[in-house]
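Below, each chain spelled out in residue letters.
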Amino acid sequence: MKMSLDIMLLGLALLLRRNSTKPFVQALLRNRNHTVQISTEDKKTARYYVFCGEHIFSRRGELAAPDAALVWKNSSVALSVLRSSDPDAFQSALARGDVRIVGNGDVAAWFGDLTKVMRSRSQADTEMPPVAVIGLGRMGTGIARSLLRNGFPVTVYNRTEAKMRPLVEAGATPAQTPALAAQSAQYVITSLMDDASVLAVLQGANGVIAGLAQGAVHIGASTVSPEITQRLVTMHADHGSVYLAAPVVGRPDAANAGELMTLVCGDQAIFEASRQVLSGYTKRAQYLGEDHAIASAAKLAVNYSAITIIDLMGQVYAFGEKAGIPLDVLHTSFRMMWAQPVLQEYASRIWRRDFDDVGFDLQSGLKDVSLMVQTSETAGVRWDFAAAIQDKMKRGVATGLAQKDWGSVYEVTRAESGL
């Protein structure tokens, strides 16, 4: 019998329920209460999924207001993409407009990760591979705890022995050197401060490389430079082991809860084989390709976005204090702003370079930014970004972008970057 989209979605529901008690699925279901709808534009196919912690329910039909909905152009397109072995098939379909996400994009991404991990986990019933975690700072400790909670045999190493004790009490095995930790593991995860500390634990007679077996996998969860990343790739290739660049995104509390995101680059087959371990401490593993340095660059881009917003809020609060604006008003404004769909819309418009549908033109935006610079200077508060954006907007107006949407300031950045 030829498979229909209805049958595939029913099969997905049965697979989810059958595997809901497995550690790798429980790690993704923990503390999740969501509703997800999958349907086609013509409404001929529709099924919804309800997640309440580790409980999963599914019915044919539509929900009135699901948290997230994936609406496909038609059944044949949906079947083709959902059955594809290409890890980027869904993202490509999204870019083409073959599917659209309605509602909470984070929930949709979580659901996609859940189904992808589960469907690719034919090895889920096998014994958990042994993992070593090296570097037990706030993030490394959280990673180790998540892996222990999900049933992995975990060996830990830290230069300060006292940091190992709570994890040993929770079931981990201590190691006296990085080499001994690596000897016990099929996967070694390093969570360290910087380039120098990563090299320090890898090299030498007591280093990770000395202890790794042929074919073992080193997962680098630290934020390091693209240059050192390439050096690590070479070191492992010379040794006969494998390196995955996989810096994590999230705070220590997310690490403890197993809800980090990781940006992964390296051999795709190794990435797929490592999903079981990655899902043991993350809620999402985003594969970015085989060039390891891209993972490092992507993590730095994410962190740049975060610190820019953090500093921006601090600048505005300082201005509020000087100008007499009640800080609770600014606080409420920030909370509302980050929840507004308009910022998500601009992320998409800048990605597409769509600046002809004008909401606020660049010339008018330059006027407002010039007022920002003037007013902040009068208040005696440095709005660093305002002055830089003002100069960039002036260059954009001078090159003919005045009547484009003010998001077109991106075109100045591209041009001045040689793009």
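Residues numbered from 1 in each chain as written. Predicted model: local features only at pLDDT ≥ 70, side-chain atom pairs only at ≥ 80, totals over all residues. Heavy atoms only, no water.

Q: For this particular structure, what's the right way to read the sheet that holds strand S5 (residues 99–103)?
A: To summarise the sheet geometry, strands pair through backbone hydrogen bonds and adopt either a parallel or an antiparallel arrangement. Strand order in the open sheet formed by five strands is S3-S2-S1-S4-S5, with mixed pairing between adjacent strands. Taken across any chain shown, the strands that pair with only one partner, and hence form the sheet edges, are strand S3 (55–60) and S5. In this sheet, adjacent strand axes meet at a mean angle of 15° when their direction is disregarded. Pairing geometry for strand S4 (residues 68–72) and S5, over five bridges, is antiparallel. The residue bridging Val 71 from the neighbouring strand is Arg 100, located in S5. (Pairing = 2+ DSSP bridges. Helix = DSSP H or I, 4+ residues; strand = E, 2+ residues; numbered from the N terminus. Axes fitted to C-alpha atoms, helices over the stretch in contact; angles between N-to-C directions.)

Q: Can you help me understand the confidence of the model for the protein in this one?
A: Note: predicted coordinates in regions of low pLDDT should not be interpreted at a detailed level. Chain-level statistics for the protein give a pLDDT mean of 87 and a share of 95% at 70 or above. Of all helices and strands in the protein, the one with the weakest mean pLDDT is helix H2 (residues 23–29) (67), whereas strand S9 (residues 187–190) scores best (97). In this model, residues 122–126 is a region of pLDDT below 50 whose contacts with residues beyond four sequence positions or in other chains number five contacts. (pLDDT = per-residue confidence, 0-100. Contact = heavy atoms within 4.5 Å.)

Q: Before we go on, may I ask you to explain the nonpolar core in this structure?
A: One finds Leu 147, Ile 189, Ile 219, Val 277 and Tyr 281 to be the most contacted residues of the largest nonpolar core, which totals 33 residues. Residue contacts for Tyr 281: discarding those within four places in its chain leaves Ile 143, Ser 146, Leu 147, Ile 189, Ile 219, Val 248, Gly 258, Glu 259 and Leu 260. Counting residues in each nonpolar core, the second largest holds 28 residues, with Leu 9, Ile 38, Tyr 49 and Val 99 among its members. (Core = buried A, V, L, I, M, F, W, Y, C linked by side-chain atoms within 4.5 Å. Buried < 20%, exposed > 50% of the residue type's maximum accessible area, 1.4 Å probe, protein only.)

Q: I would appreciate a short explanation of the sheet that holds strand S7 (residues 154–157) in the present structure.
A: Here we have six strands laid out as an open sheet, ordered S8-S7-S6-S9-S10-S11, and parallel in their pairing. The open sheet has two edge strands, strand S8 (173–174) and strand S11 (242–245), and neither has a second partner. Judged from the two bridges that link them, S7 and S8 form a sheet pairing that is parallel. Across the sheet, the residue bridging to Thr 155 is Thr 173, located in S8.

Q: Help me understand the packing of aromatic side chains, please; the structure alone is not making it clear to me.
A: Each aromatic ring pair is specified by the distance between its two centres and by the angle formed by the two planes. As enumerated under the stated definition, the model contains eight aromatic pairs in all. Residues Phe 360 and Trp 406 carry aromatic rings whose centres are separated by 4.9 Å and whose planes lie at 90° to one another, so their mutual orientation is edge-to-face. A residue pair is termed long-range when its members are at least 10 positions apart, and Phe 360 in the loop between helix H17 (341–352) and helix H18 (362–379) and Trp 406 in the loop between helix H19 (384–398) and helix H20 (409–416) qualify at 46 residues. Taking relative accessible area as the criterion, Phe 360 reaches 27% and is therefore assigned partly exposed. (Phe/Tyr/Trp six-rings, centres within 6.5 Å; stacked < 30°, edge-to-face > 60°.)

Q: Where do I start with the environment of Ala 144 in this structure?
A: In this structure, Ala 144 sits in helix H6 (residues 138–149). Along the primary structure Ala 144 and Val 131 are separated by 13 residues, whereas in three dimensions their C-alpha atoms are 9.0 Å apart. With residues up to four places along the chain from it excluded, the contact list for Ala 144 reads Val 133, Val 154, Val 156 and Leu 167.

Q: Hey, could you run me through H20 in this one?
A: Residues spaced three or four apart along an α-helix point in a common direction, a consequence of the helix completing one turn every 3.6 residues. Considered for burial, the residues of H20 that qualify are Val 409, Glu 411, Val 412 and Arg 414. Those residues of H20 hidden inside the fold are in contact with H18 and H19. Downstream of H20 by a residue or two, Gly 418 has a phi angle that is positive, lying close to 80°.

Q: Explain the side chain of Thr 282 to me, please; I cannot follow it from the model alone.
A: If you trace the backbone, Thr 282 turns up in strand S14 (residues 282–287). By relative accessible area, which is 2% here, Thr 282 ends up buried. For Thr 282, the side chain forms a polar contact with the main-chain oxygen of Leu 278, separated by 2.7 Å. Excluding residues within four positions of it along the chain, Thr 282 makes contact with Leu 28, Gly 258, Leu 260 and Thr 262. (Polar contact = N/O pair within 3.5 Å; in protein donor to acceptor, adjacent residues only side chain to side chain.)

Q: What's the story with a nonpolar patch on the surface in this structure? I'm lost.
A: On the surface, a nonpolar cluster with roughly 460 Å² of combined accessible area is contributed by Ile 309, Leu 312, Met 337, Trp 338, Val 342 and Leu 343. Mapped onto the nonpolar patch, the elements with two or more residues apiece are helix H15 (292–323), helix H16 (327–338) and H17. By relative accessible area, which is 36% here, Ile 309 ends up partly exposed. (Patch = residues over 30% accessible without salt bridge, like charges linked within 9 Å, V, L, I, M, F, W, Y side chains within 5 Å. Areas by Shrake-Rupley, 256 points an atom, 1.4 Å probe, with all protein chains shown as cover. Salt bridge = Lys/Arg side-chain N within 4 Å of Asp/Glu carboxyl O.)

Q: What's the story with the pairing of S7 in this structure? I'm lost.
A: Residues Val 154 and Val 156 of S7 are buried on one face, and the alternating residues Thr 155 and Tyr 157, pointing to the opposite face, are buried as well. Both strand S6 (residues 131–134) and S7 contribute to a ladder of four bridges, which runs parallel. Each bridged residue has a counterpart across the sheet, and for Val 133 the counterpart in S7 is Val 156. Taken together, S6, H6 and S7 form a β-α-β motif whose crossover is right-handed. (Right-handed = clockwise from strand over helix to strand, strands pointing away.)

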